[in-house]
Each structure stands twice: as C-alpha cells, then as structure tokens.
Amino acid sequence: MAKNKKYYVVWKGREKGVYANWNECKKNIDGYQGAQYKSFTSEKEAKIAFTKSYEDYKGKDTKQPVIDLQLLKQIGDPTFNSISVDAACSGNPGLMEYRGVNTKTKTQLFIQGPFEEGTNNIGEFLALVHGLAYLQKTNQPNLPIYSDSRTAIAWVNAKQCRTKIMPTPQNKKMFDLIKRGETWLQQNTYKNPILKWETKVWGEIPADFGRK
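Analysis parameters
Residues numbered from 1 in each chain as written. Predicted model: local features only at pLDDT ≥ 70, side-chain atom pairs only at ≥ 80, totals over all residues. Heavy atoms only, no water. Pairing = 2+ DSSP bridges. Helix = DSSP H or I, 4+ residues; strand = E, 2+ residues; numbered from the N terminus. Axes fitted to C-alpha atoms, helices over the stretch in contact; angles between N-to-C directions. Contact = heavy atoms within 4.5 Å. Salt bridge = Lys/Arg side-chain N within 4 Å of Asp/Glu carboxyl O. Buried < 20%, exposed > 50% of the residue type's maximum accessible area, 1.4 Å probe, protein only.

Novice: What is the right way to read the sheet that holds strand β4 (residues 83-91) from this model?
Specialist: One key point about sheets: their strands pair by backbone hydrogen bonds, in either a parallel or an antiparallel sense. Read across the open sheet, the five strands follow the order β6-β5-β4-β7-β8; overall the sheet is mixed. The open sheet has two edge strands with one neighbour each: β6 (108-118) and β8 (194-196). Going from strand to strand, the sheet's axes swing by 25 degrees on average, the running direction of each strand aside. Across three bridges, the pairing between strand β7 (residues 145-147) and β8 is parallel. Residue pairing across strands places Y146 opposite L195, the latter belonging to β8. The strands touched by helix α5 (residues 150-158) are β7 and β8; relative to β8, the strand with the most contacts, the crossing angle is about 160 degrees. Packing of helix α6 (residues 172-187) onto the sheet brings it into contact with β5 (94-102) and β6, and relative to β6 it is tilted by some 125 degrees.

Rendered as structure tokens:
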C-alpha cells in the first residue's frame, strides 16, 4: 500500500520553498544550522503555510490536515494583495494591543498598545478603523482588509463600538481612541472591502500575535 504523499515547507534553509518530496527538502536543510521546516498532507496546505511563518506551525501536528480542504474548495484562497488586522488581550478585560500587517509578507504596518482594561473585540474594532484610515492615508482606496472577528466587522459597519466595558480612569486612553475611531467612521467614506478571514480554512490570520 502506497504511503500518503507529503509536501515539505522550508522557511529557513539553503533555499526556502515548497517541496514535493523529502529528498528535495533534505538537500536544503541537511547540515544547515537552525533550519526550519515541516511536512504537510497536501500541496495546498503547504503553499498556505509558506506564506506564513515557521512560528505559526511550531509544535503543531501537521501530519493531519490542519485546514478544512472541503471548505477551501468552496471558499478558495484569500486575497493576498490586502492587509490583515488582529488584536491580542491578556485577560478579559486585560492588557490589549492590536496591529496590522501586509497579508502576503506579514510586514507590520502599524501597532498600538498595550491599553488597560481592554478586550479582543475592542482591539479588533480599533484595528479595523486604524487599517481603514491607514489605507486612506496611503491612497489605497480599493485594497481589501481582513479581520477574523465578525463582531468587530459588525461594529465597524454600524460605526459604533458596542462594548459593554465601562470607562474608567485606567482605560481612558483606550476610550479616547474608541471615540476617535467612531468619529472617523462617521466623517469618512471608504471603498475598501472588509473581509472575514476564514481561520478554519486558511489557518491563523497573518496579523495574529501567536500567543494562543
């Protein structure tokens, strides 16, 4: 019985890339100090993994499919010519920060925080507004922006951060930013598509802080 075919991603080695067999992978990692590589069960998974970083997969079992290939057939690939935003929060509420990156290269475009007494949803909302303002400022009126938070997308569409967190002296800086964000949404128009990042299909959003 034939073995299941594997595909190999080399993030750090003599030549980075996606390889269809172990021998080609081995040539690029054998004896290379600090080589970073992993095997995947399909070429599609490997190609998606290559657009991310080794840290996104370090310690994870990739011998089983890590994305839903059936859903992938229905949804297709993400639009890599875009930006992605995400937030991280230690506690709920807790210290919150957010950032935006180039979806394809993961180059960080902006980062804010940490803010006291924040939540992930607040961070995701602020990240989206910051991303839209960034795209306007850099004259990219049609570039899509991805978020993995349906709540934040809904809040942005409503032009209101509908958090239940109450203002306090500790989180004043964050609430000042929320007010600025809501005002920006009310006073500006944009054409940039706000898209939902499908984590089950594509893995973690490129802006993910990697703290899960």
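Back to the text.
Novice: Quick question: what am I supposed to make of the pattern of salt bridges here?
Specialist: A side chain of one charge can pair with a side chain of the opposite charge when the charged atoms of the two come close. Under the defined criterion, the tally for this structure stands at three salt bridges. Between K27 and E24 there is a salt bridge, and its shortest N-O distance comes to 3.2 Å. Here E24 and K27 lie together in helix α1 (residues 22-29), a separation of three residues that amounts to about one turn. The class for E24 is partly exposed, based on a relative accessible area of 31%. A salt bridge links D176 to K172; the nearest nitrogen and oxygen atoms lie 2.9 Å apart. Taken together, the positions of D176 and K172, both in helix α6 and four residues apart, correspond to about one turn of that helix. Given a relative accessible area of 48%, K172 falls into the partly exposed group.

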